[in-house]
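Structural description and commentary
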Amino acid sequence: MTGGNVWQDHYLAKNTPWDKGEASPGLVDFLSSRKLLPGAVCVPGCGLGHDARAWAAQGFRVLGVDIAPAAVELAGAQARGEGSTAEFVCGDFLLDDPPILFDWVFEHTCFCAIQPDRRSDYVGAVLRWLKPGGCYLAVNYLIPDVEGPPFGTCRAELLDRFSSEFVLREEWLPRSYANRTNLELMLFWQKRLD
Ligand SMILES: C[S@@+](CC[C@H](N)C(=O)[O-])C[C@H]1O[C@@H](n2cnc3c(N)ncnc32)[C@H](O)[C@@H]1O
């Protein structure tokens, strides 16, 4: 992708095996264990918005961005139905300009969804959407798959791609969905100030 139509087709057909009907367990634990100052969060590739609603429930101003219009529509309807303040917009995270500069970008299965040859564009997009000093929190999916999506990655590649523009603050193995146990790594980065 960006070939967004492929994703749109998945949502229209309700063929979304990545969607677990709940926020990433690693994100849930992160939010419940920290005292964070609420700010603005972007969730690229937000899908049906479970992670976005989890951030919003903690008082953050949240914008979920997805390239599939059907995902955005469903995410918005679910948020409104639950009284969540999370907002959703259809767009291409890799190409679009951000409507504001965010305090946080939260990654969960967007990096592994894009074509590997777009990964430097992805790093550039995280930089573009974040304020100087902003935080990039990622639940990375460490699988070896070359054919995707999902396309695999490894810790060494992630450190190589992000270290020049971001400082790695923390990393840990999170609690995961049952079928992703030991396949996820959380990396908590801060965009460099200069
Ligand atoms: C594997 S799904 C994950 C969805 C959600 N994060 C989740 O975990 O349920 C990848 C999502 O990224 C979206 N996506 C792919 N490329 C994108 C892009 N360039 N900009 C914004 N969203 C994108 C897809 O439409 C899809 O909803």
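To start, this report covers the structure provided alongside it.

Description of the sheet that holds strand β5 (residues 130–141)
Strand order in the open sheet made by the 7 strands is β3-β2-β1-β4-β5-β7-β6, with mixed pairing throughout. One side of each edge strand has no neighbouring strand; the edge strands of this open sheet are β3 (87–90) and β6 (166–172). Across the sheet, the axes of successive neighbouring strands diverge by a mean angle of 20°, strand direction being ignored. Relative to β5, strand β4 (residues 102–108) runs parallel, the two being bridged by 6 bridges. Paired with Trp104 across the two strands is Cys135, which belongs to β5. Lying over the sheet, helix α6 (residues 155–162) contacts β5, β6 and β7 (184–191), oriented at roughly 10° with respect to β7.

Here's the deal with helix α3 (residues 50–57)
For α3, the buried fraction is high: 7 of the 8 residues fall into the buried class. Buried within α3 we find His50, Asp51, Ala52, Arg53, Ala54, Trp55 and Ala56. Positioned one or two residues after α3, Gly59 has a phi angle of 95°, which is positive.

Observations regarding the site of the ligand
Neighbouring the ligand are 18 residues, the closest being Tyr11, Gly45, Asp66, His108 and Thr109. Measuring from a nitrogen atom of the ligand, one finds a backbone N or O atom of His108 at 2.8 Å. For the ligand, the protein covers 96% of the area, taking 590 Å² as the surface of the free molecule.

Reading the values: rules and limits
- Residues numbered from 1 in each chain as written.
- Predicted model: local features only at pLDDT ≥ 70, side-chain atom pairs only at ≥ 80, totals over all residues.
- Heavy atoms only, no water.
- Pairing = 2+ DSSP bridges.
- Helix = DSSP H or I, 4+ residues; strand = E, 2+ residues; numbered from the N terminus.
- Axes fitted to C-alpha atoms, helices over the stretch in contact; angles between N-to-C directions.
- Contact = heavy atoms within 4.5 Å.
- Buried < 20%, exposed > 50% of the residue type's maximum accessible area, 1.4 Å probe, protein only.
- Near = heavy atom within 4 Å.
- Polar contact = N/O pair within 3.5 Å; in protein donor to acceptor, adjacent residues only side chain to side chain.
- Areas by Shrake-Rupley, 256 points an atom, 1.4 Å probe, with all protein chains shown as cover.

Just geometry here; none of it tells us what the structure is for.
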